[in-house]
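Observations on the model geometry
One-letter residues, chain by chain:
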Amino acid sequence: MHSLKDTVQLNNGLEMPGFGLGVWKVKDGEEVIHSVRSALNAGYTMIDTAAIYRNEAGVGEALRQSGVKREDVFITTKVWNADQGYDTTLKAFETSTKKLGIETVDLYLIHWPTAGKYKETWRAMEKLYKDGRVRAIGVCNFHIHHLKDLMEGAEIKPAVNQIELHPLLSQVPLRNYCYKEGIAVEAYSPLGSGGLINHPLLSEIGKKYGKTAAQVMLRWDVDSEIITIPRSTKEAHIISNADIFDFELSLEDIDQIDTLNEDKRFGADPDNFNF
Ligand SMILES: NC(=O)c1ccc[n+]([C@@H]2O[C@H](COP(=O)([O-])OP(=O)(O)OC[C@H]3O[C@@H](n4cnc5c(N)ncnc54)[C@H](OP(=O)(O)O)[C@@H]3O)[C@@H](O)[C@H]2O)c1
């Protein structure tokens, strides 16, 4: 990736921006409108929301206010666990599009691998894809065994697996499996949900390039062909997070960042969640 506009080609040929704005925990209304508008003004072309974030209406409002053409923004949303199942997913999709005020979603994701449900959910996702309501379908929080199980009997392979990924949770085996299967990897909580902003080694590396630890983490993502979606509600952070296309990490620095992995999660383990 050399700029905010650069894309990654998904396994169905769709071009997905490699860098976007996440809006988990961002309040519907003023707050999310401000975040999304700031991102679009700064040149972002991808927004990552979800039904459970309860801010799809604000995301849609920001899109309309921004004046940016619909086709110039890539919108991801997700079906929540309580809505998994065939009919319920179709219904949840309609609710999401109504809130967003859009007809077609660019990427629709299963939010978590809810046991006993995700295969039926996937059948509904396949229908939405075949009906042209979504341009790509994928999953979040799927371990290798979930992906293998889902793909058994699936007609369409997931285009994307959105997973927690940052220097303390580098997910190398899952990344390698996804690349082998042609599934794009998207990093959520790329800044450790904010917990790695002041990480000493990442800050130290950043100093060499006149960059922050956040910028180092995001550059590490794009250098590894990982789609990334940092969240911020502050315009200055939104702008600085995207200011990563004028430097490259040296191989030495990448190697050092790679040593930080300790399989540490800031969120839940997909093999052990209770929501
Ligand atoms: N599929 C899933 O299950 C799942 C789970 C979690 C997240 N996600 C997606 O991934 C997105 C990102 O993950 P995340 O929200 O967990 O967190 P994140 O992007 O790793 O970190 C966000 C935190 O970092 C702070 N921050 C951002 N840029 C900063 C900067 N330049 N300097 C200082 N602080 C900065 C933000 O605060 P300020 O607002 O103050 O800048 C916020 O507290 C989510 O918003 C969501 O779209 C998906």
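Structure shown above.
Below you will find a few notes about this structure. (Residues numbered from 1 in each chain as written. Predicted model: local features only at pLDDT ≥ 70, side-chain atom pairs only at ≥ 80, totals over all residues. Heavy atoms only, no water.)

A closer look at the environment of Leu174
To be explicit about the condition: The helix count covers DSSP runs of H or I at least four residues long, the strand count covers runs of E at least two residues long, and both are numbered beginning at the N terminus. The contact criterion used throughout is that any non-hydrogen atoms of two residues lie within 4.5 Å.
Tracing the sequence through the fold places Leu174 in helix α6 (residues 172-181). Taking the C-alpha atoms as reference, Leu174 lies 9.9 Å from Leu147; in sequence the two are 27 residues apart. For Leu174, the residues in contact, after removing those within four places along its chain, are Phe142, His143, Ile144, Leu147, Asn161 and Ile163.

Topic: helix α5 (residues 144-151)
The condition is simple: Buried, partly exposed and exposed residues are distinguished by accessible area as a fraction of the type maximum, computed with a 1.4 Å probe on protein chains only: under 20%, between the cut-offs, and over 50%, respectively. To obtain the arc, one takes the directions from the helix axis to the C-beta atoms.
His146, Leu147, Leu150 and Met151 are the residues of α5 that are buried. Buried residues of α5 fall within an arc of 125° about the axis and therefore sit on the same side. In the segment just after α5, Gly153 is the residue with positive phi, at about 90°.

Overview of the sheet that holds strand β4 (residues 46-48)
Strand pairs in the sheet, formed through backbone hydrogen bonds, run parallel or antiparallel to each other. Quick reminder of the rule: One bridge is not enough; two strands pair if DSSP finds at least two bridges between them.
Taken in spatial order, the eight strands line up as β3-β4-β5-β6-β7-β8-β9-β10 in an open sheet, and their pairing is parallel. Each edge of the sheet is formed by a strand with only one pairing partner; in this case those strands are β3 (21-22) and β10 (227-228). As judged from the two bridges shared by strand β7 (residues 137-140) and strand β8 (residues 160-164), these two strands associate in the parallel manner. Within β8, the residue paired with Cys140 across the bridge is Gln162.

Digging into the site of the ligand
Inclusion rule: If even one non-hydrogen atom of a residue comes within 4 Å of a molecule or strand, that residue is called near it. For the purposes of these results, a polar contact is taken to be a pair of N or O atoms within 3.5 Å, where, inside protein, one atom must be able to donate a hydrogen and its partner to accept one; residues adjacent in sequence count only when each atom of the pair is a side-chain atom. Accessibility throughout is a Shrake-Rupley quantity obtained with a 1.4 Å probe, and a residue counts as covered only by protein chains that appear here. Each residue receives one of three labels: charged for Asp, Glu, Lys and Arg, nonpolar for Ala, Val, Leu, Ile, Met, Phe, Trp, Tyr, Cys and Pro, and polar for the others, Gly being one of them.
Taken together, 28 residues are adjacent to the ligand, and Ser193, Arg231, Ser232, Lys234 and His237 come closest. A distance of 3.2 Å is found between an oxygen atom of the ligand and a backbone nitrogen or oxygen belonging to Val23. A distance of 2.7 Å separates an oxygen atom of the ligand from a polar atom in the side chain of Ser189. Alone, the ligand offers 910 Å² of accessible surface; in the complex the protein occludes 89% of this. In terms of residues, the shell around the ligand owes the most to one element, helix α9 (residues 235-241), which gives three residues. Partitioned by chemical class, the residues of the shell around the ligand number eleven nonpolar, 13 polar and four charged.

Digging into the pattern of salt bridges
Heads up, the rule is: Between Lys or Arg on one side and Asp or Glu on the other, a salt bridge is scored when a side-chain nitrogen of the former is within 4 Å of a carboxyl oxygen of the latter.
Evaluated as defined, the whole model comprises 15 salt bridges. When the shortest N-O distance is used, the salt bridge between Asp106 and Arg70 registers 2.8 Å. With Asp106 in the loop between α3 (86-100) and β6 (107-110) and Arg70 in the loop between α2 (56-66) and β5 (74-79), this pair connects stretches of sequence that are 36 residues apart. Note that Asp131 and Lys127 form a salt bridge whose closest N and O atoms lie 2.8 Å from each other. With a relative accessible area of 44%, Asp131 lands in the partly exposed category. Assessed through its relative accessible area of 34%, Lys127 is described here as partly exposed. One network of salt bridges, in which partners are shared, links Arg70, Asp106 and Arg135.

Looking at the nonpolar core
Short version of the rule: We call a set of buried Ala, Val, Leu, Ile, Met, Phe, Trp, Tyr and Cys residues a nonpolar core when their side-chain atoms join them within 4.5 Å.
Of all hydrophobic cores here, the largest spans 70 residues; its most connected members are Val23, Val36, Ile47, Tyr108 and Leu147. When residues in this core are grouped by element, the largest group, seven residues, is from helix α8 (residues 213-223). Ignoring any residue separated from it by four or fewer positions in sequence, one finds Tyr108 in contact with Thr77, Lys78, Val79, Thr89, Ala92, Phe93, Met125, Leu128, Val134, Ala136, Ile137 and Gly138. If you look at the next biggest cluster of nonpolar residues, it comprises 17 residues, including Met46, Trp80, Leu107 and Cys140.

A closer look at the side chain of Asn81
Counting through the fold element by element, Asn81 comes out in the loop between β5 and α3. In contact with Asn81, not counting residues within four places along its chain, are His111, Trp112, Thr114, Phe273 and Phe275.

As for the packing of aromatic side chains
So the rule is basically this: Only Phe, Tyr and Trp rings are paired, with Trp represented by its six-membered ring, and only when their centres lie within 6.5 Å; those with planes under 30 degrees apart are stacked, over 60 edge-to-face, the remainder tilted.
Counted according to the given criterion, the structure contains nine aromatic pairs. Their ring planes at 70° and their centres at 6.2 Å tell us that Phe19 and Phe245 sit as a pair that is edge-to-face. Residue Phe19 is located in the loop between β2 (15-17) and β3, and its partner Phe245 is located in the loop between α9 and α10 (251-258); the two are separated by 226 residues in the primary sequence. Owing to a relative accessible area of 0%, Phe19 belongs among the buried residues under this scheme. Their ring planes at 5° and their centres at 6.0 Å tell us that Trp80 and Phe275 sit as a pair that is stacked. Pair noted here: Trp80 is in the loop between β5 and α3 and Phe275 is in the segment after α10, with a separation of 195 residues, a long-range link. What makes Trp80 buried here is its relative accessible area of 17%. Using a relative accessible area of 41% as the deciding quantity, one classes Phe275 as partly exposed.

Thoughts on the pairing of β8
The criterion, for reference: When the strands point away from the viewer and the connection leading from the first strand across the helix to the second strand turns clockwise, the crossover is called right-handed.
Within β8, five of the five residues are buried, which leaves the element mostly enclosed by the surrounding structure. Handedness of the crossover is the feature at issue here: the chain leaves β7, passes through α5, returns alongside β8, and the resulting connection is right-handed. Pairing of β8 with strand β9 (residues 184-188), which is carried by five bridges, proceeds in the parallel orientation. Bridge pairing in β9 links Asn161 to Val185.

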